[in-house]
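Structural characterization, general
These are the residues of each chain, in order.
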Amino acid sequence: MIRIVGVRKRFGDREVLKGIDLDIPRGSNLVILGGSGMGKSVLMKHIIGLLQPDEGQIIVDGEDISRMSPLQLKRVRGKFGMVFQNGALFDSMSNWDNVAFPLREHRRDLKGAALDERVRHLFQLFSLDPDVVGPRAPSEISGGQRKRVALARAVALDPAIVLYDEPTTGLDPITTDQVDEMILDAKRKLGVTSIVISHDIASAFKIADHIIFIYDGQIVVRGLKHEMLTSTHPFVQRFFATWTAKNV
Ligand SMILES: Nc1ncnc2c1ncn2[C@@H]1O[C@H](COP(=O)(O)OP(=O)(O)OP(=O)(O)O)[C@@H](O)[C@H]1O
Ligand SMILES: [Mg+2]
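So, here's what we can say about the structure. Values in this document were obtained by computation on a predicted structure and should not be read as measured data.

Analysis parameters
- Residues numbered from 1 in each chain as written.
- Chains lettered and ligands numbered in written order.
- Predicted model: local features only at pLDDT ≥ 70, side-chain atom pairs only at ≥ 80, totals over all residues.
- Helix = DSSP H or I, 4+ residues; strand = E, 2+ residues; numbered from the N terminus.
- Rg over C-alpha atoms; globule rule 2.2 N^0.38 Å.
- Buried ≥ 20, exposed ≤ 12 C-beta atoms within 10 Å, placed from the backbone.
- Near = placed C-beta within 6 Å.
- Nonpolar A, V, L, I, M, F, W, Y, C, P; charged D, E, K, R; others polar.
- Pairing = 2+ DSSP bridges.
- Axes fitted to C-alpha atoms, helices over the stretch in contact; angles between N-to-C directions.
- Contact = placed C-beta atoms within 7 Å.

So, on to the overall build of the chain. Scanning the chain from N- to C-terminus turns up 10 helices and 10 strands. Rg of the C-alpha trace for the chain: 18 Å, near the compact-globule value of 18 Å for 248 residues, within the 12% margin. Taking the principal axes of its C-alpha atoms as reference, the chain extends roughly 55 × 50 × 35 Å. Of all 248 residues assigned to the chain, the portion counted as buried reaches 39%.

What follows covers the site of ligand 1. For ligand 1, the full set of nearby residues is Phe-11, Val-16, Gly-34, Ser-36, Gly-37, Met-38, Gly-39, Lys-40, Ser-41, Val-42 and Gln-85. Among the residues forming the shell around ligand 1, the class breakdown is four nonpolar, six polar and one charged.

Moving on: the pairing of strand E4 (residues 55–60). Pairing geometry for strand E1 (residues 2–11) and E4, over five bridges, is antiparallel. Bridge pairing in E4 places Val-5 opposite Gln-57. As defined by bridge partners, E4 adjoins strand E5 (residues 63–64) across two bridges and the pair is classed as antiparallel. Opposite Val-60, over in E5, you have Glu-63 as the bridge partner. Connecting E4 to the antiparallel partner E5 that follows it, the hairpin turn spans two residues, and Asp-61 within it adopts a positive phi of roughly 55°.

Looking now at the pairing of strand E10 (residues 218–223). Where strand E9 (residues 210–215) lies against E10, five bridges are found, and the strand directions are antiparallel. Counted as the bridge partner of Tyr-215 is Gln-218 from E10. Here E9 folds back onto E10, and the loop between the two strands holds two residues, one of which, Asp-216, carries a positive phi near 50°.

Moving on, we come to the sheet that holds E9. Taken together, the six strands give an open sheet; going across it, the order is E6-E7-E8-E3-E9-E10, and neighbouring strands pair in mixed fashion. Of all the strands in the sheet, just strand E6 (80–83) and E10 have a single pairing partner and so form its edges. On average, adjacent strands in this sheet sit at an angle of 15° to one another, irrespective of strand direction. Where strand E3 (residues 29–34) and strand E8 (residues 193–197) come together, four bridges link them in parallel fashion. Its bridge partner being in E8, Ile-32 is matched across the sheet by Ile-197. On the sheet, helix H6 (residues 143–154) packs against E6 and strand E7 (161–165) and is oriented at approximately 175° with respect to E6.

Turning our eyes to something else, we now look at the sheet that holds E1. Pairing between the strands of a sheet is mediated by backbone hydrogen bonds and can be parallel or antiparallel. Across the sheet, four strands lie side by side as E2-E1-E4-E5; this open sheet has antiparallel pairing. The open sheet has two edge strands with one neighbour each: strand E2 (14–24) and E5.

Its identity as a non-glycine residue notwithstanding, Ser-127 has a phi of 55°, on the positive side. Inspection of the secondary structure assignment puts Ser-127 in the loop between helix H4 (112–125) and helix H5 (130–133). Look at Ser-127 and you get exposed, because 12 C-beta atoms sit within 10 Å. At Glu-166, a position not held by glycine, the phi torsion is positive, near 55°. Its location among the elements puts Glu-166 in the loop between E7 and helix H7 (173–190).

Quick look at the structure:
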């Protein structure tokens, strides 16, 4: 579904991605782990075409998006849903309108009661009361609720690929588990391809078909739980040792 070949990216004199190669099979869940500031969000923004690489290619569904015009990109983006790290809701719109936004933009056939029904369903999918949360502005709900509104908006169009930048950071354990189950469900029932940046190692192990660990702009470990926990890379060892110590 997605193939990344030799991607490099620099900002000023700092090289943030130093040659990334990655294949993401259709209908699989990839989890990206790594320390803060290592290039995870930058990599994700390349996959959706918000950033263009200095070198290398990003092939989505057979098309190289790294050199596309804005108009071509707009068409390809219809395949994606994305949950940004900060939620990135439109503050001038109600939560209801935020979730309805992609439907009004791309699903002109959905109107009136059918549109309302779809939006209500999306709210309920994330345990949000559409009558309470819907009319409020994003600034008038809690951080966890905002995150769930952002999740509802990301999956509104039933995209084939969903990118999640820390979808569960700041959510309580029950909601975190619901988000994990939703990601697994989307894969099982709809064959959705998901790419998830996470700091939650337990949920990473639960949902991943494949995990990559990014350190200093490079993939330093690939695999699953076993590969992560037995890595000889010093930073990766420290990362998981800290976690293991807390989870005994
Ligand atoms: N648009 C930009 N212009 C300049 N530098 C940027 C830009 N976007 C990201 N960076 C830099 O690239 C580096 C990697 O950032 P990135 O957001 O990918 O980190 P991350 O791995 O997602 O970290 P975190 O876990 O904290 O979210 C950082 O040093 C950041 O300052
Ligand atoms: Mg980030």
